[in-house]
Structures are given as structure tokens and as C-alpha cells.
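Residues per chain, in single letters:
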Amino acid sequence: MKELTYHRATDAAAAVALVADDPDARFLGGGTNLVDHLKLGVARPGTLVDVSRLPLDTVEELPGGGLRVGAAVRNSDLAAHPAVRRGFPAVARALLAGASGQIRHQATTAGNLLQRTRCVYFQDVTTACNKREPGTGCSALEGYGRYNAILGASEACVTTHPSDLAVALTALDAAVVVLGPDGERRVPMTELHRLPGHHPEHDTVLRHGDLITAVELPGSAVAPASTYAKARDRASYAFALVSVAAALDLDGDVVRDVRLAWGGVAHRPWRAYVAEEALRGAVLTEDSARAAASAELAAAVTTDQTAYKVAMVRNLTAHTLLRLAGGAR
Amino acid sequence: MDADIALTVDGERCAVTVDTRTTLLDALRERLGVTQPKKGCDHGQCGSCTVLLDGRRHLTCLALAVAHDGAEIVTAGGLASPDGDLHPVQQAFLDHDGYQCGYCTPGQVCSAVGVLDELRAGHPSLVTDDLAAEDPDGDDEIRERMSGNLCRCGAYAGILAAVRQAGQQTTDREVRA
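Residues numbered from 1 in each chain as written. Chains lettered and ligands numbered in written order. Predicted model: local features only at pLDDT ≥ 70, side-chain atom pairs only at ≥ 80, totals over all residues. Heavy atoms only, no water.

- Chain B goes by Xanthine dehydrogenase YagT iron-sulfur-binding subunit in an unreviewed UniProt entry, where it is assigned to Nocardioides zeae.
- In UniProt, chain B has this text filed under Pathway (unreviewed entry): "Alkaloid degradation; nicotine degradation." (UniProt positions renumbered as here; feature names shortened; annotations may be inferred.)

- The name an unreviewed UniProt entry assigns to chain A is Xanthine dehydrogenase YagS FAD-binding subunit, from the organism Nocardioides zeae.

1. Topic: the overall build of chain B
Here comes step 1: Broken down by element type, chain B carries five helices and five strands.
Here comes step 2: Ordered by position from the N terminus, the helices and strands of chain B form the series β-β-α-β-β-β-α-α-α-α.
Here comes step 3: Taking 177 residues into account, the globule formula puts the C-alpha radius of gyration at 16 Å, and chain B, at 16 Å, falls close to it.
Here comes step 4: Within chain B, the proportion of its 177 residues that are buried is 54%.
Here comes step 5: For chain B, contacts bridging at least 24 residues in sequence account for 53% of all contacts bridging at least 6.
Here comes step 6: Within the structure as shown, chain B displays about 7900 Å² of accessible surface, and the carbon and sulfur contribution to it stands at 47%.
Here comes step 7: The average position of the 15 basic charges and that of the 28 acidic charges among the side chains of chain B differ by 5 Å. (Helix = DSSP H or I, 4+ residues; strand = E, 2+ residues; numbered from the N terminus. Rg over C-alpha atoms; globule rule 2.2 N^0.38 Å. Buried < 20%, exposed > 50% of the residue type's maximum accessible area, 1.4 Å probe, protein only. Contact = heavy atoms within 4.5 Å. Areas by Shrake-Rupley, 256 points an atom, 1.4 Å probe, with all protein chains shown as cover. Lys, Arg positive; Asp, Glu negative; His and termini not counted. Charge placed at Lys NZ, Arg CZ, Asp CG, Glu CD.)

2. Side note on the interface of chain B and chain A
Here comes step 1: Taken together, the contact between chain B and chain A spans 40 residues of the former and 41 residues of the latter.
Here comes step 2: Approximately 3400 Å² of surface area, both sides summed, lies buried where chain B meets chain A, with 50% of it carried by carbon and sulfur atoms.
Here comes step 3: Along the contact surface separating chain B from chain A lie three salt bridges.
Here comes step 4: When the shortest N-O distance is used, the salt bridge between B:D42 and A:K39 registers 2.9 Å.
Here comes step 5: Remark: the boundary between chain B and chain A carries 27 residue pairs in polar contact (both at pLDDT 80 or more).
Here comes step 6: Contributions of two or more residues to the side of chain B that touches chain A are made by β4 (56–58) and α3 (105–120) of chain B.
Here comes step 7: For the side of chain B that touches chain A, the leading source of residues is β4(B), giving three residues.
Here comes step 8: A breakdown of the residues in the side of chain B that touches chain A according to their chemical character gives 14 nonpolar, 17 polar and nine charged. (Buried area = accessible area lost by both parts, 1.4 Å probe. Salt bridge = Lys/Arg side-chain N within 4 Å of Asp/Glu carboxyl O. Polar contact = N/O pair within 3.5 Å; in protein donor to acceptor, adjacent residues only side chain to side chain. Nonpolar A, V, L, I, M, F, W, Y, C, P; charged D, E, K, R; others polar.)

3. Remarks on the packing of helix α2 (residues 88–95) of chain B against α3(B)
Residues and elements named next belong to chain B.
Here comes step 1: The N-to-C vectors of α2 and α3 enclose an angle of 125°; their axes lie 9 Å apart at closest approach. The orientation of α2 with respect to α3, classified from their angle, is oblique. With respect to the hand of their crossing, α2 and α3 are arranged in right-handed fashion. Residues V89, Q90 and F93 of α2 touch α3, and the partners they reach there are T105, Q108, V109, A112, V113 and L116. (Axes fitted to C-alpha atoms, helices over the stretch in contact; angles between N-to-C directions. Parallel < 35°, antiparallel > 145°, perpendicular 65-115°, else oblique. Left-handed = near helix turned anticlockwise from the far one by under 90°.)

4. Topic: the pattern of salt bridges
All names here are of chain B.
Here comes step 1: Across all of its chains, the model carries 30 salt bridges over all chains by this definition.
Here comes step 2: Between D139 and R164 there is a salt bridge, with the nearest N and O atoms lying 2.7 Å from each other. Here D139, found in helix α4 (residues 139–145), pairs with R164, found in helix α5 (residues 156–176); they are 25 residues apart in sequence, far enough to count as distant.
Here comes step 3: On the accessibility criterion, D139 (26% relative accessible area) is partly exposed.
Here comes step 4: R164 gets classed as partly exposed once you look at its relative accessible area, which sits at 40%.

5. So, the nonpolar core
All names here are of chain A.
Here comes step 1: With 58 residues, the main nonpolar core has V91, L113, L169 and V176 as its most contacted residues.
Here comes step 2: The contacts of V176, once residues within four sequence positions are left out, are L113, R185, R186, V187, M189, L192, I212, A214 and V215.
Here comes step 3: With 29 residues, the next largest nonpolar core counts I150, V265, A275 and L279 among its residues. (Core = buried A, V, L, I, M, F, W, Y, C linked by side-chain atoms within 4.5 Å.)

6. Some words on the environment of B:E72
Residue and element names in this part refer to chain B.
Here comes step 1: Mapped onto the elements, E72 comes out in strand β5 (residues 72–74).
Here comes step 2: Residue class for E72 comes out partly exposed when judged on its relative accessible area of 48%.
Here comes step 3: A sequence separation of 72 residues divides E72 from E144, and the C-alpha atoms of the two residues are 26 Å apart.

7. Topic: the sheet that holds β4(B)
Residues and elements named next belong to chain B.
Here comes step 1: What the five strands build is an open sheet, ordered β2-β1-β5-β3-β4; its pairing is mixed. The sheet is open, and its two borders are formed by β2 (12–19) and β4, each paired with just one other strand. On average, adjacent strands in this sheet sit at an angle of 40° to one another, irrespective of strand direction.
Here comes step 2: The pairing of strand β1 (residues 2–9) with β2 spans eight bridges and is classified as antiparallel. Its bridge partner being in β2, T8 is matched across the sheet by R13.
Here comes step 3: With respect to the sheet, helix α1 (residues 24–31) is in contact with β1, β2, β3 (51–53) and β5, its orientation differing from that of β2 by roughly 110°.
Here comes step 4: Against the sheet, α3 makes contact with β3, β4 and β5, and its axis sits at roughly 140° relative to β4, the strand it touches most. (Pairing = 2+ DSSP bridges.)

8. Focus: the UniProt feature "domain: FAD-binding PCMH-type" (unreviewed entry) in chain A
Here comes step 1: Per the UniProt record, the feature "domain: FAD-binding PCMH-type" (unreviewed entry) sits at residues 1–222 of chain A.
Here comes step 2: This span, residues 1–222 of chain A, is 27% helix and 17% strand, and a straight line between its end C-alpha atoms measures 47 Å.

9. Description of the packing of aromatic side chains
Here comes step 1: Scanning all chains against the criterion turns up two aromatic pairs over all chains.
Here comes step 2: The interplanar angle of 35° and the centroid separation of 6.5 Å between the aromatic rings of A:Y144 and A:Y147 together place this pair among those described as tilted.
Here comes step 3: On the basis of relative accessible area, A:Y144 is assigned to the partly exposed category, the value being 41%.
Here comes step 4: Residue class for A:Y147 comes out partly exposed when judged on its relative accessible area of 29%.
Here comes step 5: Aromatic pair B:F93 and B:Y99: ring centres 5.7 Å apart, planes at 45°, arrangement tilted.
Here comes step 6: By relative accessible area, which is 25% here, B:Y99 ends up partly exposed. (Phe/Tyr/Trp six-rings, centres within 6.5 Å; stacked < 30°, edge-to-face > 60°.)

Written out as C-alpha cells, the structure is:
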């Protein structure tokens, strides 16, 4: 690990200026992912600007039933917050499906969204990886690939985004509030993360020095009837093979409104607009749910190692919607 | 770059100068000689470096010491009462053969103390059916909440029984108090 200069920020604008003016500087939040990357040599900043003690650690209820979540709110606190449990259960369940109890106490809301892929080649500095070292190639194309993407990937990168929280926020039309060198702006969650294209080294549309200060969740008719389901290799404390965030508003057995996002299938949380459109106004049955997921998955590109994900995400989507319709989580 | 930090560890205030790259785990073990937190995987995957940090269970291998200046840390070695009586979680591990090889034990014990606090506070877990429930309970809740602490001796059955017993005892004690 190279020499590190450490600053503890007491003011968000000053923190932004410090990082924006130094190409070698990085923000430090909870550090559960960044500190690991420092040890592995995946991240090599010369300066860390610690933003974890900025006064961005509150959850405020907004007019219209929405929530504003400070960037430094810890994952465990957000999952336990009564307004999240009551009004945005998909968010609570996604957080509780991620990491371990210890890590959730340390990890922050913004850091969770900005965590980097767990692709084994990205994390192994002895291998080629376009996301870690642009232009070196992608070892995952021909290597260990069962975690790879099936939607939206490119020849440059086939990895997936690891956050559970980001998938739930994508389904619920959340936005991040970003403070940059030129001031504040809002970025919808559906636009925050990028598909890899020719530049997989950029996970998001944020620029160097941009600091996420909050996440805003709008109130909606569907959010209280939402949930998150995650399929993985062991029952707990593992990244998703695939995951589903779903929110459902039924009129009898007809779908009045629905939100669907998938994790584990793409370089970003995958908002399943095609499936949503297929379901809106339809009678919800196992067949209609599976057909809607299949319509979204028509664009999937798979290998021998990832073919299972198509069936898995279709089944998990149908299962999750039917459970929601039945009133269960 | 060096930084001067202060930590309170098991009730004792310690001042130490650390390189900013030093993890909390290495500061505790290598600089302060506090060896209860164990270095297992050193990548946040095994839980053996768990302590109670500012009252909550926390990994020390993924935390930079400099970022935790001023923290109050309780390790498994600081849980017993000053006259030597074991903490109910420690006693329960003894009663149920939860210690086995012991390398993961300090992290398991600290995590269990945190788990019982989180259960008492009514915080949900992944397996809590009703997110509005105020008193999550049962073996599945304990299993899920302890899943960040790995043991390959196969002590899980004893640890589960120990956490269950300690939870019962501390609840009884609160009721009596």
C-alpha cells in the first residue's frame, strides 16, 4: 500500500474541493470495500478524505410520503428505521440481505451504491481486467464466469454490480443527491450506474470529486407493497447470483402498477421496464409473470456458465410477485 | 503519514501513533498488544476480528485506525466483570462447548453480545417475517445474525445453544432488575 495522506472532513463542500483538486484523492466512507481494495492493490489513492463523520447521518420524512436518507447513514440503521420498514420494505430487505451484521454497522448508504464489482479478476491484480486497468483485456470472458452479466455487457467487460440496496432503490425510483465542484444536482438511480461499453472503468456517471450527500425515495402507492428476493450459493452472507426487487399495486387480480429491478444480471441494477409494461393492466398469474420476465430476457446473452441465470431470474421474479400478491413478503 | 490517535480499549485509554495505513485490527494487535481480536481472513469475510466498537459489533480488519480516533472498543477480553465473573455469553459458550479450537471465539463472543442487543432493540434481520415485529425471536434469527462469523471446527450447534441461553439469561436479568 502506498503512503496515504488522511483528512477528516468536517464540511461537505470542503471535502468536495479537496478531492476535486487532487486526481490522486478518494472519499472514504465506511471503508468496507475501499480498505479491502487498498490491501489488494486494486485502489491506490495517495489521499483519503474521510466523509464518514459529516452530518449526513439522518433519515428525514418528506412531504408526500417520501424519505431523504443521508449518505452516511449506516446500512443497519437504515434497515431498522421504522419509516423504511413500514413504507419501503424492499429497501430494508435488500439491506438485510447484504453482507453481515458487523459490516452493516460500518457500511454507509452512499458507499453501498458505490461499491465495486466482486469479479474475481477485478480483485486479482495479477490478471487482466479492463475495469481495473483499461486496455488490458477481460479475463472473465474466457475464465470463471458464473457470476457474469447476461444483459447489457460488452466485449470489454461482463461483470455485474454487487449492491443489493441499489437494486431496491432502482425499482422504487429513488434519486441520489450529488454535490460536485459546480454545485448540487440530482441523478435518478436508473441513470447513476453505467453499462460497460468501451469504458468499464467508470462504474457510474459521477465525476471525480462528486460526493453523494443523500438518497431521496419518493412516496408512491407501490412502495409499501414491495420486497427484495436474493438467490445465492449459501443461505446468508454472499453476493447474489440473481436478485429481484419488486413493488406491486393490484386492483383485484389486475396489475394496476408494478416496479421491477434485477440484480446480478448486469453492470448496473437492471430496471425491467419491458416486464413492467407487459404486466401493467394484466391479470397477475404465474404464467403472466413468467411471460413478462421472458419478454425482458429476450435481450439476454448467455454462456454455458451463465445460462442458469435466465431461468433463475424468471422464476424468482414470478415467485416474488406472487408472494407480494398473496400479502407475504 | 503518521497520525496520533486515542482509543479506549476494554476501559483503558490508550494513545498511539499509527501510520495512516494501519487497520484497527493491526493497531490493536501489533501496537497495543491486544490479541483477543484475531486476524483470520483479514478481508472482512470471517468475523474473527469482531469487537464492540462504540457499542456495536464491528470488524476491525476493514477499518483504518485513523478513521476511528476516539473510539471506545470492548474486546472479548473486556467483557468479564472486574472480579472475574464471566459475561453471560462467555459462560454460555463454556456451558455448551462453543469454544472448540478457539481462534474464532473472541469474534463469536463479541458478535453474540451484539446480536442479543440487536434482538432486544427489535431490529429486523433477513429472516424476520414481519418487518413490523417488535420482538424477533427463534433459532433462525440467531443463525442468520451470527452468519458473519465463520467457524470450521463445527461449533455452530454449541454456539447456537449458547446464544440462546445467554439471551434467555440476560432477558431474565432485565426482568428482575
